[in-house]
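# Chains, contacts and geometry: an overview
Take a look at the letters that make up each chain.
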Amino acid sequence: MFPGLSLLNDKLGFTIFLLAHIPLFGLLAFYLLKSNNINSLIYYFEIFFIVHLILHLLYLHHPKNEFKDWISWTLIITPAVLGFIDLALV
């Protein structure tokens, strides 16, 4: 489903997709620990989580969409709902 990754076999594409998240979480942790303006980071992440959910809903019936198990949807929906609640309360 992802440009570039869809050219690889499923196992290699999944491995690259998964490993690509490690530096992202490292950068996030570094920024959270060193930033004086954490609120703006949290705001943009909440927006990202909501847009991320919308994209998954738009591509729900895509023939190559394999994000259909309860674990994937828990990891997709929970941050979006919590982000929406936090944005609504601000």
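As the structure is a prediction and not an experimental result, all values here were calculated from the model.

Look at helix H1 (residues 10–34) against helix H2 (residues 38–58): their axes get within 9 Å of each other, and the N-to-C directions meet at 145°. Contact residues: Leu28, Tyr31 and Leu32 in H1; Ile38, Ser40, Leu41 and Phe45 in H2.

Taking 1.5 Å per residue, 21 residues should reach 30 Å; H2 reaches 30 Å between its end C-alpha atoms and fits that length. What H2 keeps buried is the set Leu41, Glu46, Leu53 and His56. Mapping the buried residues of H2 onto a view down its axis gives an arc of 140°, with all of them on the same face. For H2, the exposed residues set more than 90 degrees away from the buried face come down to Tyr44 and Leu58. In this fold, the buried residues of H2 make contact with H1 and helix H3 (70–89).

Residues Tyr43, Tyr44, Ile47, Val51, Ile54, Leu55, Leu58 and Tyr59 make up a contiguous nonpolar surface patch of about 810 Å² in total accessible area. Assignment of secondary structure puts leucine 58 in helix H2.

You can see isoleucine 50 is positioned in helix H2. Residues isoleucine 50 and phenylalanine 84, spaced 34 residues apart in sequence, show a C-alpha to C-alpha distance of 7.0 Å. Other than its neighbours up to four places away in sequence, isoleucine 50 contacts Ala80, Gly83, Phe84 and Leu87.

Scoring rules and cut-offs
Residues numbered from 1 in each chain as written. Predicted model: local features only at pLDDT ≥ 70, side-chain atom pairs only at ≥ 80, totals over all residues. Heavy atoms only, no water. Axes fitted to C-alpha atoms, helices over the stretch in contact; angles between N-to-C directions. Helix = DSSP H or I, 4+ residues; strand = E, 2+ residues; numbered from the N terminus. Contact = heavy atoms within 4.5 Å. Expected span 1.5 Å × (residues − 1). Buried < 20%, exposed > 50% of the residue type's maximum accessible area, 1.4 Å probe, protein only. Arc of directions from axis to C-beta. Patch = residues over 30% accessible without salt bridge, like charges linked within 9 Å, V, L, I, M, F, W, Y side chains within 5 Å. Areas by Shrake-Rupley, 256 points an atom, 1.4 Å probe, with all protein chains shown as cover. Salt bridge = Lys/Arg side-chain N within 4 Å of Asp/Glu carboxyl O.

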